[in-house]
Every structure is written in structure tokens, then in C-alpha cells.
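Structure at a glance
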Amino acid sequence: MLIKGHEVKGDIVDLETRCSHYHKEIDRIAIKFYCCQTYYPCHQCHENHGCRNPKVWPKEQFNQKAVLCGGCGYEMTIHEYLLCHSSCPNCSIPFNPGCKLHKHFYFEP
Ligand SMILES: [Zn+2]
Ligand SMILES: [Zn+2]
Ligand SMILES: [Zn+2]
């Protein structure tokens, strides 16, 4: 599915990247998986539609753009995301702070 000009795969339910697993108002980011180099709304979406062999981003690549704001379509680097205090650095729309609890699914701890 094309979201703000970016291809996002998974069980997507709307144009702000919400999916059938995470669909609260503040659930509006997609994360690019290092293994697939493809955006998914969450790790369960990757499990259902991805490569079945998830790999996390290594620390030395945290300068890569790998998080997509579903509010404005801004792609931020992993560093930017980890420092953004759960709101978009571009449009300031709030993200789910709970996502950070899952960051080990996506980024090297
Ligand atoms: Zn993958
Ligand atoms: Zn999902
Ligand atoms: Zn934004």
C-alpha cells in the first residue's frame, strides 16, 4: 500500500500506517525492516508478510532513514526517532510512546 508516497506492507487499515495489531489514534509510524528494506507498521505485520527471518538494524547504521511518520510522510533516521520524545520531528504529531518498549524488535539494543 502506498502511504504518503512510500510503499508500506502489512495488515494496514488506514493511510496513517495503522494496522490490525496497533490501531490507536497515536499509532502512526511504520518501521523499515533491516532484513527486507521494506516498511511495515509493526513486527507482527513483518511476521505475517515479511521474510520470516527478522534482523535488527545494527548500531552503526542508525543514521539510516528507517521510521516513517504516518501523519506527514517524513522519513526519520533511527537516531532521530530514538531522540524524538514520541512526536514527529517534522510535524510534531504524537507517536505512541509504547513503541519504544518494542524497539528491540527493530533496532540493535
Ligand atoms: Zn524481513
Ligand atoms: Zn501490524
Ligand atoms: Zn510527521
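For the structure itself, consult the block above.
This text gives an overview of the structure that appears in the document. (Residues numbered from 1 in each chain as written. Chains lettered and ligands numbered in written order. Predicted model: local features only at pLDDT ≥ 70, side-chain atom pairs only at ≥ 80, totals over all residues. Heavy atoms only, no water.)

Looking now at the pairing of strand S5 (residues 65–69). Remark: a regular strand shows side chains that alternate across the two faces of the sheet. Judged by how many residues are buried, S5 sits mostly within the fold: four of five residues are covered. As judged from the three bridges shared by strand S3 (residues 29–33) and S5, these two strands associate in the antiparallel manner. Paired with Ile29 across the strands is Cys69, a residue of S5. Bridging between S5 and strand S6 (residues 75–77) involves three bridges; their strand directions are antiparallel. Paired with Lys65 across the bridge in S6 is Thr77. In textbook terms, the turn of a hairpin is the stretch between consecutive antiparallel strands, and for S5 and S6 this stretch comprises five residues, one of which, Gly73, has a positive phi near 85 degrees. (Buried < 20%, exposed > 50% of the residue type's maximum accessible area, 1.4 Å probe, protein only. Helix = DSSP H or I, 4+ residues; strand = E, 2+ residues; numbered from the N terminus. Pairing = 2+ DSSP bridges.)

The coordination sphere of the zinc ion (ligand 2) contains the protein donors Cys19 (SG), His21 (ND1), Cys42 (SG) and Cys45 (SG), at a distance range of 2.1 to 2.3 Å. One chain supplies every donor to the zinc ion (ligand 2), and in sequence these donors are spaced C-x1-H-x20-C-x2-C. With His21 in the loop between strand S2 (6–7) and S3 and Cys42 in the loop between strand S4 (38–40) and helix H1 (43–49), this pair connects stretches of sequence that are 21 residues apart. According to the relative accessible area criterion, Cys42 is buried, its value standing at 1%. (Donors = N, O, S within 2.8 Å, 3.2 Å for Na, K, Ca; no water.)

What follows covers the sheet that holds S5. Overall, antiparallel pairing links the four strands, which are arranged S4-S3-S5-S6 in an open sheet. Edge positions in the open sheet fall to S4 and S6, since each of these has one partner strand only. Here the average twist between neighbouring strands, direction ignored, is 35 degrees. Where S3 and S4 come together, three bridges link them in antiparallel fashion. Paired with Ile31 across the strands is Tyr40, a residue of S4. (Axes fitted to C-alpha atoms, helices over the stretch in contact; angles between N-to-C directions.)

Looking now at the coordination of the zinc ion (ligand 3). In a perfect tetrahedron of four donors around a metal, the angles come out at 109.5 degrees. In a perfect octahedron of six, they are 90 or 180 degrees. Around the zinc ion (ligand 3), the protein contributes the donor atoms Cys69 (SG), Cys72 (SG), Cys88 (SG) and Cys91 (SG), which lie 2.3 Å from the metal centre. For the zinc ion (ligand 3), the four donor atoms are set out with angles of 105 to 113 degrees between them, so the coordination reads as tetrahedral. For the zinc ion (ligand 3), the donor residues sit on a single chain with the sequence spacing C-x2-C-x15-C-x2-C. A relative accessible area of 2% means that Cys88 is categorised as buried. (Tetrahedral: all angles 85-135°; square planar, octahedral: opposite > 155°, others 65-115°.)

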